[in-house]
Structure formats: structure tokens, C-alpha cells
Amino acid sequence: MATSGLAEPTTTAVDKLSGVWCPVMTPLDDSLAPDAARFVAHARWLLEEGCHGLVVFGTTGEATSFSVEERSALLEAALDGGLPRERLLVGTGCCALTDSVRLTRHALDCGVQGVLMLPPFYYKDNPDEALFASFAEVIERVGTEAFELYLYHFPRLSGVPITPGLIERLRARYPDTLKGVKDSSGDWKNTRMLIERFPELAIFPGAETLLLPGLEAGGAGCISASCNVNTRAIRKLYDDFAAGEAGLDEQQEALTTVRKILQLRPLIPVMKHLLADQRRDPAWRRVRPPFLPLPDVEAEALESELSSLDWRLGS
């Protein structure tokens, strides 16, 4: 098993973040509030499985379904539970400017590696100038440029793209702050363009389906939801690429096949169902509305499809 160990560095010699990072799912208690104890246990398991680092309150963590206070409290509980702050990115992008500022300042005060920030995503069709003003205002109000900012491009959900022009403007104004981009577009042409155009930034595909081509092009690794249930195999491909091993295309094909099955249904309920079954812990099936738990008939189909691949969680 490839495993990172709790003290493994997460930056390269040129201080550019890299590796296999997991946006951690958020378990819930019976009042549908974040369950800190289960969160810490799952996060530690992910690091032991091989994740280089973790994202707290990304899309997979149902971030937009929780308040600033809930998000801040869970981060504090995660650190109190012993999670290594240097191996955490925190999702802080909100529609409200002041919410983004509060979450970013809180994360930095907690000493985490950096923040992963969506653009303000309710109002659509804003020009780059408007989005630049929004990100700049957050940076200025936080009051320090001495932090790592990773932009989050997920146009299918946010409806607000992170364009190359916006990246160039932010890079020129805040060269010590902007460190990378998570590209969850699923569009290889876009990911490759970002890698080639911004070699100084850590460009992470938003799924392991583009891990190998991303690495071959000079990308940083991946930040992928399905690391919650498939870390070992994803980390193995990352390590084998670094070691110059053979059979990489076959590994990539296997990862892509599993991911395609996982995302045939709503991905968060799917992965929570798998964790609930593997851990014999029904509490893991809880999702916060507007999500719904995976229906039994869909769960049976999912399990049949994964069994046909001889795949199981943690294998």
C-alpha cells in the first residue's frame, strides 16, 4: 500500500503544492450538523490510505450547505483532533464577500496550508474585471498576502468560470498569494491549457480521470472527490508515474472506469453509502438537504456494478 505518513511534505523543491488531495466528506449527526468525531476519524484514515493532503469544506464536503459558524467550528475541531494543519486546504469561497473574508481569515489564523476559493457564484455573466475585484477585495480585507490561494474552477455547478485572463490579472497583482487552480471542468483541453500557460502555478485536475495526462503535461496531481473511497489506487498511479513504472495507461483506465460508475448517481450520497456499508455505520448515510440518501434500489445497482469490477472500498 502506498501511504504518505503523517509527516510527509506536500510541496516540491520549488514550493509548489502537489500530490493526491481529497475533499473530505462531512459526516452528520442526527440533527444534520457536522459530526466532528467521525470527520476526524475519516480524515486520519484518508491520510493513512495515502492522501498527501485534505480539503475541508470543498464541494464534496457539502460546503455551500453549511453556515460560516458551522464551517469554522468543524475546522477547529479537526485541528483539535490532531489533523496536521500543514496538510489542509480550506474551502472559503462564498457569495457574500464578508463570508469569504471571515472564512479565509479564520482558516489562516488556524495556520492551514492555504484556501481553495470559489468565485461569488450567484450572479452570472460578470466580466473578469468584476471577479478580479471580488478576489482582490477578499485578499485586501484579510490583510495579508502571505497565504496560499487556490482558485476553484467548477463552471458546471458555480456557473461562473475562472478564465485565463482572470488568473493573469490576479497573478500579476498578487504573485506571492496566488498559488494554483483546481480545474473541475472535466475538460482536458482547458486543464492542459492552464498547465502550459501557467507553469509556475499548481494546476490540479478536479478528478483522477485526468491524473495521468495531467502529470505527463506537468500538472500537480489531482484534488478528487473519489479519493474518499479509492485513495490507494489513485495514489499508486501517482507514485508509479513518479517512479517511471510501466502499466500506467491500464491503471488510469481502471481509475476512470470506477469513477464513471460512482458518478452515475449523485456522487456524495453514493460515497457516503459505501462508507456506511464498509464501516457498518448507518450514520454515514446522512446528507444535508437538498441531497437525499441513496435509495435502496440504486444502492443495489451500484454494488452490483462495482462487484463486476472486483472492486471494493479500501482495496
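Just so you know, these numbers come straight off a predicted model, no measurement behind them. (Residues numbered from 1 in each chain as written. Predicted model: local features only at pLDDT ≥ 70, side-chain atom pairs only at ≥ 80, totals over all residues. Heavy atoms only, no water.)

Participant: Just checking my understanding: could you explain the packing of helix H11 (residues 267–279) against helix H12 (residues 296–307) for this structure?
Facilitator: In a pair of packed helices, the angle between the axes and the distance between the axes together describe the arrangement. Packing of H11 against H12 leaves a shortest axis separation of 11 Å and a crossing angle of 75°. Relative to H12, H11 is oriented roughly perpendicular. Note on element contacts: H12 touches H11 through Ala 299, Leu 302, Glu 303 and Leu 306, opposite Val 270, His 273, Leu 274 and Asp 277. By residue class, the composition of the contact of H11 with H12 is five nonpolar, one polar and two charged. (Axes fitted to C-alpha atoms, helices over the stretch in contact; angles between N-to-C directions. Helix = DSSP H or I, 4+ residues; strand = E, 2+ residues; numbered from the N terminus. Parallel < 35°, antiparallel > 145°, perpendicular 65-115°, else oblique. Contact = heavy atoms within 4.5 Å. Nonpolar A, V, L, I, M, F, W, Y, C, P; charged D, E, K, R; others polar.)

Participant: Please explain the nonpolar core as it appears in this structure.
Facilitator: Grouped together as the largest cluster of nonpolar side chains are 81 residues, with contacts concentrated most on Leu 54, Leu 151, Ile 167 and Leu 274. Among the elements that take part in this core, helix H4 (residues 128–142) stands out by supplying seven residues, more than any other. (Core = buried A, V, L, I, M, F, W, Y, C linked by side-chain atoms within 4.5 Å. Buried < 20%, exposed > 50% of the residue type's maximum accessible area, 1.4 Å probe, protein only.)

Participant: Quick question: what am I supposed to make of the confidence of the model for the chain here?
Facilitator: The predicted coordinates should not be examined in detail at positions where pLDDT is low. Averaged over every residue, the pLDDT of the chain is 94; residues scoring 70 or more account for 95%. In the predicted structure, residues 1–7 sits below a pLDDT of 50 and forms 24 contacts with residues beyond four places in sequence or in another chain. (pLDDT = per-residue confidence, 0-100.)

Participant: What exactly am I supposed to notice about the pattern of salt bridges here?
Facilitator: Pairing between side chains becomes possible if they bear opposite charge and their charged atoms approach one another. On inspection of all chains with the given rule, the structure shows 16 salt bridges. With a shortest N-O distance of 2.8 Å, Arg 288 and Glu 70 are connected by a salt bridge. Note that Arg 288 is positioned in the loop between H11 and H12 and Glu 70 in helix H2 (residues 68–80), a separation of 218 residues in sequence. Classification of Arg 288 by relative accessible area gives buried; the value is 15%. What you see here is one network of salt bridges that share partners, running through Asp 35, Arg 38 and Asp 281. (Salt bridge = Lys/Arg side-chain N within 4 Å of Asp/Glu carboxyl O.)

Participant: Help me out: how do you make sense of the packing of aromatic side chains in this one?
Facilitator: Each aromatic ring pair is summarised here by two numbers: the centre-to-centre distance and the angle between the ring planes. Within this structure, the stated rule accounts for three aromatic pairs. Over the face of the ring belonging to Phe 132 we find Arg 169, whose NZ or CZ atom lies 4.5 Å from the ring centre. For the cation-ring pair, Arg 279 lies above Trp 45, with the distance from its terminal atom to the ring centre recorded as 4.7 Å. (Phe/Tyr/Trp six-rings, centres within 6.5 Å; stacked < 30°, edge-to-face > 60°. Lys NZ or Arg CZ within 6 Å of the ring centre and 35° of its normal.)

Participant: Before we go on, may I ask you to explain unusual backbone geometry in this structure?
Facilitator: Across the chain, the bulk of peptide bonds are trans and the bulk of non-glycine residues have phi less than zero. Omega for the peptide link from Pro 289 to Pro 290 comes to 20°, which places this bond in the cis form. When you line up the elements, Pro 290 lands in the loop between H11 and H12. Although it is not a glycine, Leu 32 adopts a positive phi angle of roughly 65°. Unusually for a residue other than glycine, Asp 310 sits at a positive phi of about 60°. Looking at the element boundaries, Asp 310 is found in the segment after H12.

Participant: Can you help me understand the packing of helix H1 (residues 36–49) against helix H9 (residues 227–243) in this one?
Facilitator: One can describe the packing of H1 onto H9 by two numbers: an axis separation of 9 Å at closest approach and a directional angle of 15°. Here H9 runs roughly parallel to H1, going by the angle between their axes. Here the hand of the crossing between H1 and H9 comes out left-handed. Each of His 42, Trp 45, Leu 46 and Glu 49 in H1 lies in contact with H9, whose residues at this interface are Cys 227, Asn 228, Thr 231 and Arg 232. For the contact of H1 with H9, the per-class residue count stands at three nonpolar, three polar and two charged. (Left-handed = near helix turned anticlockwise from the far one by under 90°.)

Participant: Just to check I follow, could you spell out the pairing of strand E6 (residues 178–183) for this structure?
Facilitator: Both faces of the sheet carry side chains from a regular strand, because those side chains alternate between them. Within E6, five of the six residues are buried, which leaves the element mostly enclosed by the surrounding structure. Bridge analysis of strand E5 (residues 149–153) against E6 gives five bridges, and the strand direction is parallel. Looking across to E6, one finds that Tyr 152 is bridged to Lys 182. By the bridge criterion, four bridges tie E6 to strand E7 (residues 202–205) in an arrangement that is parallel. When the bridges of E7 are listed, Asp 183 appears paired with Pro 205. Traced from E6 through helix H7 (residues 188–197) to E7, the parallel crossover comes out right-handed. (Pairing = 2+ DSSP bridges. Right-handed = clockwise from strand over helix to strand, strands pointing away.)

Participant: Would you take a moment to explain the environment of Ala 243 for this structure?
Facilitator: Structurally, Ala 243 can be placed in helix H9. Under the relative-accessibility criterion, Ala 243 is labelled exposed at 53%. Separated by 61 residues in sequence, Ala 243 and Ser 304 place their C-alpha atoms 34 Å apart.

Participant: Help me out: how do you make sense of the layout of surface pockets in this one?
Facilitator: Gaps between atoms show up when a probe of the same size as a water molecule is rolled over them. By volume, the largest pocket is sized at about 990 Å³. Surrounding the largest pocket, 43 residues form its lining, Thr 59, Tyr 152, Phe 154, Arg 156 and Leu 157 being those nearest its centre. Contributing elements (two or more residues each) for the lining of the largest pocket: helix H5 (155–158), E6, helix H10 (248–262) and H11. Class assignment of the residues belonging to the lining of the largest pocket gives a composition of 18 nonpolar, 17 polar and eight charged. Put simply, the second largest pocket is a space of about 200 Å³. Surrounding the second largest pocket, 11 residues form its lining, Ala 233, Ala 254, Leu 255, Val 258 and Trp 311 being those nearest its centre. Secondary-structure elements contributing two or more residues to the lining of the second largest pocket are H9 and H10. Counting residues per element, the lining of the second largest pocket draws most heavily on H10, which supplies five residues. For the lining of the second largest pocket, the per-class residue count stands at six nonpolar, four polar and one charged. (1 Å grid on protein atoms, 1.4 Å probe; cavity = no way out; pocket = protein on both sides within 12 Å on 5 of 7 lines; lining within 4 Å. Points joined across faces, edges and corners; volume = space filled by probe spheres on them.)

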